[in-house]
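In case you want the letters, here they are:
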Amino acid sequence: MSHQLTKNELRKSKYNRNEFSKIERNEIYIILDSLKCAHNIGTILRLADSLLVKKVYICGDTIIPPNKKIKSSSRGAEKWVPWEYHKNPLPVAKTLKNYGIDIVAVEVTDNSIDFREFNPTDKPICLVFGREYDGVRQELLDISDYQVHLPLLGMSNSINVSTAASVMLYDVYSKMERKKIMNKGITKTI
Ligand SMILES: C[S@@+](CC[C@H](N)C(=O)[O-])C[C@H]1O[C@@H](n2cnc3c(N)ncnc32)[C@H](O)[C@@H]1O
């Protein structure tokens, strides 16, 4: 009969700090454009740790760790995920694009495609998520290689940004894993 793994059993299956510091991370980057809610930032950092995201760029008018509220939803994942703060997300996105990384704006736009139709090429990917009130800024949409949305079949115009991040991250991760794009080795970051 199966049972839920205890904390000790789970811990045994994990790396020690030294092994973890050397682990090869996946070719997925995240830009957060001016997120206001600590809970969303923390949740996304925790997701980024789960999928060994290469780096999270927390940008704009936002909150950054150390922060009590971020920590309570990240469960401390900011310790394990490489992250940086940048005032302006635009140069970050442009630099990543220059390194050959596809910029994928996760947003409902007049050009966006359904996430189920989005197929990563063999390039690394940077997912861009926007602010809770007004979304991904226009300049980032303008330089994006893809604009991808999650279908909204009801009356709402959007879903919570960390919910959108969970669906997109696991979807992109599984599609990239299937295509064996992972760990191909563009290791430079800005
Ligand atoms: C709450 S939404 C932004 C508000 C939205 N532009 C509006 O005013 O109707 C915050 C962020 O969550 C993500 N998001 C929310 N719903 C989404 C959807 N259906 N598809 C893709 N991204 C979504 C986007 O990154 C968006 O910038």
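Scroll up for the structure.
Reading the values: rules and limits
Residues numbered from 1 in each chain as written. Predicted model: local features only at pLDDT ≥ 70, side-chain atom pairs only at ≥ 80, totals over all residues. Heavy atoms only, no water. Core = buried A, V, L, I, M, F, W, Y, C linked by side-chain atoms within 4.5 Å. Buried < 20%, exposed > 50% of the residue type's maximum accessible area, 1.4 Å probe, protein only. Helix = DSSP H or I, 4+ residues; strand = E, 2+ residues; numbered from the N terminus. Contact = heavy atoms within 4.5 Å. Salt bridge = Lys/Arg side-chain N within 4 Å of Asp/Glu carboxyl O. Near = heavy atom within 4 Å. Polar contact = N/O pair within 3.5 Å; in protein donor to acceptor, adjacent residues only side chain to side chain. Areas by Shrake-Rupley, 256 points an atom, 1.4 Å probe, with all protein chains shown as cover. Pairing = 2+ DSSP bridges.

This paragraph deals with the nonpolar core. Counting residues in hydrophobic clusters, the biggest one holds 33 residues, and the most contacted among them are I30, V56, L127, F129, M168 and L169. Considering each element in turn, this core owes the most residues, seven residues, to helix α7 (residues 161-178). The contact partners of L127, leaving out residues within four places of it in the chain, are Y29, I30, I31, V104, V106, M168, L169 and V172. Counting 17 residues, the second largest nonpolar core, distinct from the first, contains I31, I101, V128 and V136.

Applying the stated criterion across every chain, the model contains 10 salt bridges. With a closest N to O distance of 4.0 Å, D61 and R131 form a salt bridge. Linking D61 in the loop between β2 (53-59) and α4 (68-74) with R131 in the loop between β6 (125-129) and α6 (138-143), this pair joins segments that are 70 residues apart in sequence. Of the residues examined, D61 reaches a relative accessible area of 45% and is grouped as partly exposed. By relative accessible area, R131 is classed as partly exposed at 21%. Salt bridges here are not isolated pairs; linked through shared partners, they connect K36, D61, R131 and D134.

Take the site of the ligand next. Near the ligand there are 19 residues, and of these V106, E107, G130, L150 and I159 occur at the shortest range. In this structure, V106 approaches the ligand through a main-chain N or O atom, which is 2.6 Å from an oxygen atom. In the environment of the ligand, a nitrogen atom lies 2.9 Å from a nitrogen or oxygen atom belonging to the backbone of I159. The fraction of the free accessible surface of the ligand (570 Å²) that becomes covered by protein chains is 85%. Mapped by element, the contributors of at least two residues to the shell around the ligand are β7 (146-149) and α7.

Moving on, we come to the sheet that holds β7. Spatially, the seven strands line up as an open sheet ordered β3-β2-β1-β6-β4-β7-β5, and their pairing is parallel. A strand with exactly one partner marks an edge of an open sheet, and here the two such strands are β3 (83-86) and β5 (113-114). When strand β1 (residues 26-33) meets β2, the two strands line up parallel, connected through six bridges. What sits directly across from Y29, in β2, is K55.

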